[in-house]
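The primary structure of each chain is shown beneath.
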Amino acid sequence: MKPLLDITADRFRVSRAAYTDPAIYAAEQAAIFSRCWLFVGHESELAQPDAFATRRVGGRPILFLRDSQGAFRCFLNVCPHRGAQITRERSGKSRSFTCFYHGWTFDNAGTLRGMHEPHTYPEGFCQAGLHDLVPVPRFESYRGFHFLNFDPGAMSLRDYLGGACAYIDTIVDQAEGGMRVIGEAQEYSARANWKLLAENSVDIPHVTALHPTYLQLVATNSQGRMKRGEMPGYSLDLGHGHTVVERIATYGRPIAQWIESWGEEARVEIEAIYLRLVDKYGKERADRMAHCARNLLIFPNLVINDIMSVTIRSFQPVGPDGMEISAWALAPAEELGTPALGRRLTNFLEFLGPGGFATPDDVEALESCQRAARVAREAPWNDLSKGLSPGGDDQRGDTMSELPQRAFWRGWQAWLNQPGRAGDAG
Ligand code: FES
Ligand SMILES: [Fe+2]
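Residues numbered from 1 in each chain as written. Chains lettered and ligands numbered in written order. Predicted model: local features only at pLDDT ≥ 70, side-chain atom pairs only at ≥ 80, totals over all residues.

## Description of the domain arrangement of the protein
What the domain assignment lists for the protein is domain 1 (40–142) and domain 2 (163–416). Listed by partner, the interface residues are 6 residues for domain 1 and 8 residues for domain 2. Tallied by class, the residues present in the side of domain 1 that touches domain 2 amount to 2 nonpolar, 2 polar and 2 charged. (Domains from an automatic or database assignment. Contact = placed C-beta atoms within 7 Å. Nonpolar A, V, L, I, M, F, W, Y, C, P; charged D, E, K, R; others polar.)

Spelled out as structure tokens, the structure:
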């Protein structure tokens, strides 16, 4: 296999085959999506015992639930009998699940409780424990974010997240009563390789070129706060393929940066939130929470964007050329029923919703890149050298650097090249 990364002191290039080759896709499924911690859902999606949600994670059908005792559990949504889906509902509340094919019934702790015509099965069939729902090999959570891992020998979630934990803390600690997902996921798809969205989600340099209409709106709403091209801050390689970009927000933030267009009433509310943060965390941390925005990529396919509002985004590859994307709005529980939530959700929809100012632009750009990668073999390289400084360690850069993309690819290569893992990333 030809090398896929071309890295020298002053050059960082990625072969476009890495976005299209079915052999690379298969290697990623084995070495990344079967070995890394993958986001399943947020605890607030299952607010009560007996709540459940189904989704696809790492290519597998997954049943994410709280049992009747309130414990979070995660099973393959696959019947132990002959493999039909245990439940075909997207979400709901249930103490038990009955497979639609032959009627095996399981409680929400995963134990087989009965079946049609039980007398036709050997005695003690249910009690044998061999026919219960199959839990995912590893299931752990951090600050309300639940992850699974298909590798029983994987490092702990806490070790995997490493330096990303501090950024999750900075987001979750903004809330007094915990963070809550608001409403259902927004779902859309793109005919592009999943790695293009990983790159895009921490790509600050594209914003002014690709989203000028939105920036004009922000500049108008923010009464001159937005100064084009000025985004002081930094980008960081957090290891394992995780990366973050943090910078001064030049727009309104529900926590806690007021802009004139939100009106006087909002100013009083937002000042009170800011003072609470200062009181609890000190001025320096409160200022970061209130006045800085951050895009956090948790390898391989989770993004937490804390910008005008907070968004969780995960994307599931469905082949080299396609992905399905889910996005959830996250808000402090104490905002429910307040005008602050309205401001937050307006921000979420305006920019990041599937019909917002950003998402359709981004999808078009990613699909354009994918089309070229598929056919234009005479132009085989993507270039990610922006901000590379020869002799530098490339662990920390400015916000206009392509350091986050390089951090992602270094992590990608390391996962693919792990001993005993499928694939050779070259
Ligand atoms: S496949 Fe589920 S009961 Fe037969
Ligand atoms: Fe964008």
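## Focus on unusual backbone geometry
Peptide bonds are, in most cases, trans, and in most cases residues other than glycine have a negative phi. Of the consecutive residues Ile255 and Ala256, the connecting peptide bond is found in the cis state with omega at -20 degrees. Relative to the helices and strands, Ala256 resides in the loop between strand S15 (242–248) and helix H7 (263–281). The amide bond that connects Phe299 to the next residue, Pro300, takes the cis arrangement and shows omega of 0 degrees. The backbone of Arg143 sits at a positive phi, close to 50 degrees, despite the residue not being glycine. (Helix = DSSP H or I, 4+ residues; strand = E, 2+ residues; numbered from the N terminus.)

## Some words on the packing of helix H4 (residues 194–201) against helix H10 (residues 359–375)
When two helices pack together, their arrangement is captured by the angle between the axes and the distance separating the axes. At a minimum axis distance of 10 Å, the contact between H4 and H10 shows a crossing angle of 130 degrees. The orientation of H4 with respect to H10, classified from their angle, is oblique. The crossing of H4 and H10 is right-handed. On H10, the residues touching Leu196, Leu197 and Asn200 of H4 are Asp362, Leu366, Cys369 and Gln370. Taken together, the residues that form the contact of H4 with H10 break down as 4 nonpolar, 2 polar and 1 charged. (Axes fitted to C-alpha atoms, helices over the stretch in contact; angles between N-to-C directions. Parallel < 35°, antiparallel > 145°, perpendicular 65-115°, else oblique. Left-handed = near helix turned anticlockwise from the far one by under 90°.)

## Concerning the sheet that holds strand S16 (residues 292–298)
The strand order across the open sheet formed by 8 strands is S13-S19-S18-S17-S16-S15-S14-S21, and the pairing between neighbours is antiparallel. Either end of the sheet is taken by a strand with one partner, and the two such strands are strand S13 (179–190) and strand S21 (396–397). Pairing of strand S17 (residues 302–306) with strand S18 (residues 310–317) involves 5 bridges; the strand directions are antiparallel. Counted as the bridge partner of Leu302 is Ser314 from S18. (Pairing = 2+ DSSP bridges.)

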